[in-house]
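# Results of the structural survey
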Amino acid sequence: MYTASEKRYEKMIYNRCGKSGLKLPAVSLGLWHNFGDTGVYENMRQICFTAFDNGITHFDLANNYGPDPGSAEKNFGKILREDLGRYRDELIISTKAGYDMWEGPYGNWGSRKYLIASLDQSLERLGLDYVDIFYHHRMDPETPLEETMGALAQIVASGKALYVGLSNYDGPTLEKAAAILDDLHCPFIINQNRYSIFDRTIENNGLKETSAELGKGIIAFSPLAQGLLTNRYLNGIPEDSRIRTDGRFLHADNLTEEKLQQIRKLNGIAAGRGQTLAEMALSWILKDGIVTSVLVGASRPSQIIDNVKAIQNIEFSEEELKKIDEI
Ligand SMILES: NC(=O)c1ccc[n+]([C@@H]2O[C@H](COP(=O)([O-])OP(=O)(O)OC[C@H]3O[C@@H](n4cnc5c(N)ncnc54)[C@H](OP(=O)(O)O)[C@@H]3O)[C@@H](O)[C@H]2O)c1
């Protein structure tokens, strides 16, 4: 039986999520990869324990994480039941719905029918009465925003989620959604979007600015560009890397010669700062105090230990920032 380290709150920084009452660790753990039924259960346990022992209190899931879809929630539910559950009140557990989950017209996008049924299924797999944050996973071009936001508000009112979030929204849609959720007195506190040195979309689609203006938190997913912004691929493609072991979302084609050159140059800047490339990539996101938390993935416990070191140096000189932008 796992017992958490007594030192777990000594090093982590907890940032307030926008203007809400909730604080999140500067580094959170996502279970998109390595927690499905193709993963090794003992490795999943050790990743979670290392995370919690290092102050990572936030674990992020979605209905469809696997493979197979649902299996990450099922496996994390087992870890909760057998080990971590006794620390439930020290944990922030999130899940989402918005992508294709089951057959027919009610298992995808943003209808009230889908969101409410999906969360019930997630709670069952996780073995929980409520999640801390429930997200709508992506914008739905067809369902009226009022319906999707109404479903989120109803979910909170029913006690099945404490807070809600939006994922993969842009600035203008976020602003409209926030106004509806405000009218419904729904505690919408956070946006989850892709953000990294390589992907600046939220700086260009209004999400980062609008979120800060509205006092909402941001949690940055794939902050390491799925492993590209680490030392993983500096000398070829390792057999145990995501490109080789999974291949669903990161392919050898993504590692072009140009990308590799960029990675090598960034690695040089990181070394100059006394950081690994992974540490620098995470520090870079946290540097201006707008992003609440970086949401990393990990295939082994040692990566967590490396990643939490990022919070030790989030200051960048103007020259370093300029060089990173140029690369
Ligand atoms: N809302 C959304 O639409 C959405 C979409 C995607 C992700 N997410 C969330 O964001 C989370 C993180 O996404 P991600 O897994 O793509 O994040 P990531 O942190 O960019 O990539 C994680 C991968 O990078 C490698 N890695 C991590 N730390 C390392 C280190 N210190 N040194 C060397 N390699 C390291 C590992 O790859 P190897 O396997 O090669 O070791 C690991 O699996 C997901 O789990 C999910 O919760 C949300």
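Okay, so let's go over this structure.

A few words on the overall build of the protein chain. A count of helical and extended segments in the protein chain gives twelve helices and ten strands. In terms of overall size, the protein chain behaves like a compact globule, its C-alpha atoms giving a radius of gyration of 19 Å where 327 residues would be expected to give roughly 20 Å. Along the longest, intermediate and shortest principal axes, the C-alpha atoms of the protein chain span 50 × 45 × 40 Å. Within the protein chain, the proportion of its 327 residues that are buried is 56%. For the protein chain, long-range pairs separated by at least 24 residues make up 75% of all intrachain contacts whose partners lie at least 6 apart in sequence.

Contacts to the ligand come from 33 residues, most closely from D60, S167, S222, R242 and S299. A225 is positioned such that a nitrogen or oxygen atom in its backbone is 3.3 Å from an oxygen atom of the ligand. For the shell around the ligand, the secondary-structure elements that each account for two or more residues are β10 (293–296) and α11 (301–308). Per-element accounting of the shell around the ligand gives the leading share, three residues, to α11.

This part takes up the packing of helix α2 (residues 71–82) against helix α3 (residues 112–126). The contact between α2 and α3 brings their axes to 7 Å, and the two run at 45 degrees. Regarding the angle of α2 to α3, the classification is oblique. Mapping the contact onto sequence places E73, K74, F76, G77 and L80 in α2 and S122, R125 and L126 in α3. Here the residues of the contact of α2 with α3 sort into three nonpolar, two polar and three charged.

Here the focus is the packing of aromatic side chains. All chains considered together, the criterion is met by eight aromatic pairs. Between Y2 and F49, the aromatic rings sit 4.0 Å apart at their centres with planes inclined by 10 degrees, giving stacked as the arrangement. Residue Y2 is located in the segment before β1 (14–16), and its partner F49 is located in helix α1 (residues 41–53); the two are separated by 47 residues in the primary sequence. With relative accessibility at 6%, the residue F49 sits in the buried group. Their ring planes at 45 degrees and their centres at 4.8 Å tell us that W32 and F249 sit as a pair that is tilted. Of this pair, W32 sits in the loop between β3 (27–30) and α1 while F249 sits in the loop between α8 (242–245) and α9 (257–272), and the two are 217 residues apart along the sequence. Among the aromatic residues, those joined into a ring-pair cluster are Y2, F49, F52 and Y87. Between the NZ or CZ atom of R138 and the centre of the ring of W109, over which it lies, the distance is 3.6 Å. Looking at R273, its charged tip hangs above the ring of F316, at a distance of 3.6 Å from the centre.

Right, let's talk about α3 for a bit. Under the 1.5 Å per step criterion, the end-to-end length of α3 is 21 Å for 15 residues, consistent within 8% with the ideal 21 Å. Along α3, the residues classified as buried are Y114, L115, S118, L119, S122, L123, R125 and L126. Projected onto a plane normal to the axis of α3, the buried residues spread over an arc of 160 degrees and lie on a single side. Exposed side of α3, more than 90 degrees from the buried face: K113 and E124 are the residues found there. Contacts made by the buried residues of α3 are with α2, β5 (92–97), β6 (131–136) and α4 (145–157). Positive backbone phi, approximately 70 degrees, marks G127, located one or two places after α3.

Definitions and cut-offs
Residues numbered from 1 in each chain as written. Predicted model: local features only at pLDDT ≥ 70, side-chain atom pairs only at ≥ 80, totals over all residues. Heavy atoms only, no water. Helix = DSSP H or I, 4+ residues; strand = E, 2+ residues; numbered from the N terminus. Rg over C-alpha atoms; globule rule 2.2 N^0.38 Å. Buried < 20%, exposed > 50% of the residue type's maximum accessible area, 1.4 Å probe, protein only. Contact = heavy atoms within 4.5 Å. Near = heavy atom within 4 Å. Polar contact = N/O pair within 3.5 Å; in protein donor to acceptor, adjacent residues only side chain to side chain. Axes fitted to C-alpha atoms, helices over the stretch in contact; angles between N-to-C directions. Parallel < 35°, antiparallel > 145°, perpendicular 65-115°, else oblique. Nonpolar A, V, L, I, M, F, W, Y, C, P; charged D, E, K, R; others polar. Phe/Tyr/Trp six-rings, centres within 6.5 Å; stacked < 30°, edge-to-face > 60°. Lys NZ or Arg CZ within 6 Å of the ring centre and 35° of its normal. Expected span 1.5 Å × (residues − 1). Arc of directions from axis to C-beta.

Without other data, these values stay purely geometric and don't point to any function.
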